[in-house]
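# A structural walkthrough
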Amino acid sequence: MKNILLAVTGGIAAYKAIDLTSKLTQNGYVVRVMLTENAQQFVTPLAFQAISRNHVYTDTFDEKDVSEIQHITIADWADAVIVAPATANTISKLANGLADNMVTSTLLATTAPVFIAPAMNVHMLEHPSIVANMAKLREYGYKFIAPGEGYLACGYVAKGRMEEPITILTIIDDYFKENLNLQTFSLQGKKVLITAGPTIEKVDAVRYFTNRSSGKMGYALAEAARDLGAEVILVSGETQLTQPKGVEYVQITSAEDMFQAVKQYKDNMDMIIKAAAVADYTPVETTDKKMKKQDGDLELVFKRTTDILKYLGEHKQNQYLVGFAAETDNVEKYAMGKLKKKNADVIISNHVANQEIGFKSSDNEVEMFFANGDRVPFKKESKQKIAFKILNEIASRWNS
């Protein structure tokens, strides 16, 4: 029996949330409902209380039990959160970390998966700020249930209708079925070091060399390791991502910075995952002033950076060593070569030339090459799902 928190915000589609509560309850979910002040202009707490048979939450400061902080307790209680309808106002607040009511405070506090069902006028839905805020939330890992097309309250016939409750129910059912069908293995008590993102190699005061890595895969692995019970250290280059909660975070800039950070922590780790895109070369000479352009061509001399994965393979004791092979061609050949040369326990290959699963994509498709000869492929899915499956596969072997 799964716990669902249904957050209802202030749009005319709030009436649909009553039907959604009924469908979720009839399907065996334990449902608790939370209403914003504006939502109560359209629907009443009593309607949800009668259907869910649970208290309805409306006020952060109306603490029913003085021994607990209500919005934190509910955030921890939920196995999944549904925001339906989700207004432009709430989406924008959430994307920018604002917590001025009970719904937004709880959403910022929960670590459960959050499903957002937008409902608004089509022009609001397509406004650049709303598009940007939804994109930001997707990067954070929020799952969107796209609105449908039809007659809107404003009189338009267009996209913007909150998805029908029966469809939302199906999406929630499918989510839990997928996760229930996958046997989960624990990393409880394990210490895991993960590197993520790009490195930056300075040329002068204004110029540098870097790469296209977004850090999404490494961050997803850090969150998955945390969720499987591990104590996680994330060594990250500069990204646009939000630091994962419950993870020790180490910010670095250059390849040398990353090498020194990894050296510092490696001996105390049970597993090290090298998911970062580390520069292979760095300029021999740099300057703190801006180089002025001159006639003719410019030549820069580069030197090799430390091969961190190779170093770890040469110096590992009992650490389980995981590397990535981000390739544009001959993926299998390079991955298997890397597995042997770097003395890794597993190399995970992905085809970064494919833009659908490349550096900036939110999806990935990988194959795991194990030192014992085993190969485990994972078809295209979100990087969060791929990360969980990678670590679950490793944990299953560790435990056995």
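As recorded by an unreviewed UniProt entry, the chain carries the name Coenzyme A biosynthesis bifunctional protein CoaBC and is attributed to Mammaliicoccus lentus.

Here the focus is the sheet that holds strand β4 (residues 114–118). Within the open sheet, the five strands sit side by side as β2-β1-β3-β4-β5. Their pairing is parallel. Of all strands in the sheet, those with a lone pairing partner are β2 (30–35) and β5 (143–144), marking the two edges. In the sheet, β4 pairs with β5 via two bridges, with the strands oriented parallel. Residue pairing across strands places Ile116 opposite Phe144, the latter belonging to β5. Most of the contacts of helix α5 (residues 102–109) go to β2, to which it runs at about 130°, and overall it touches β1 (3–8), β2, β3 (80–86) and β4.

Right, let's talk about the pairing of β1 for a bit. The buried fraction of β1 amounts to six of the six residues, a majority that puts the element mostly inside the structure. Of the strand pairs in this sheet, β1 and β2 are connected by six bridges, and their pairing is parallel. What sits directly across from Val8, in β2, is Leu35. One ladder, built from four bridges, connects β1 with β3; its direction is parallel. Residue pairing in the sheet places Leu5 in a bridge with Val81 of β3.

Before going further, it helps to examine the UniProt feature "active site" (unreviewed entry) in the chain. Cross-referencing UniProt, the feature "active site" (unreviewed entry) maps to Cys154 in the present numbering. For Cys154, the position within the fold is in the loop between β6 (148–151) and β7 (157–161). A residue is classified by how much of its surface remains accessible, and Cys154, at 44% relative accessible area, is partly exposed.

Further remarks concern the confidence of the model for the chain. Looking at the chain, the pLDDT average stands at 90 and 97% of residues meet or exceed 70. Mean pLDDT across the elements of the chain bottoms out in β6 (75) and peaks in strand β13 (residues 271–274) (98).

Moving on: the UniProt feature "binding site: CTP" (unreviewed entry) in the chain. UniProt records the feature "binding site: CTP" (unreviewed entry) at Asp280, Lys290, Phe324, Lys338 and Lys342, using the numbering of this structure. Across 63 residues in sequence, these annotated residues place their C-alpha atoms as far as 38.1 Å from one another, rather than forming a single compact spot. Counting through the fold element by element, Lys338 comes out in helix α12 (residues 331–341). Inspection of the secondary structure puts Lys342 in the loop between α12 and β17 (346–351). Residue Lys342 is classed as buried on the basis of its relative accessible area, which comes to 14%. Aside from chain neighbours lying at most four places away, what touches Lys342 is Asp307, Leu309, Lys310, Gly313 and Leu321.

Conventions and cut-offs
- Residues numbered from 1 in each chain as written.
- Predicted model: local features only at pLDDT ≥ 70, side-chain atom pairs only at ≥ 80, totals over all residues.
- Heavy atoms only, no water.
- Pairing = 2+ DSSP bridges.
- Helix = DSSP H or I, 4+ residues; strand = E, 2+ residues; numbered from the N terminus.
- Contact = heavy atoms within 4.5 Å.
- Axes fitted to C-alpha atoms, helices over the stretch in contact; angles between N-to-C directions.
- Buried < 20%, exposed > 50% of the residue type's maximum accessible area, 1.4 Å probe, protein only.
- UniProt positions renumbered as here; feature names shortened; annotations may be inferred.
- pLDDT = per-residue confidence, 0-100.

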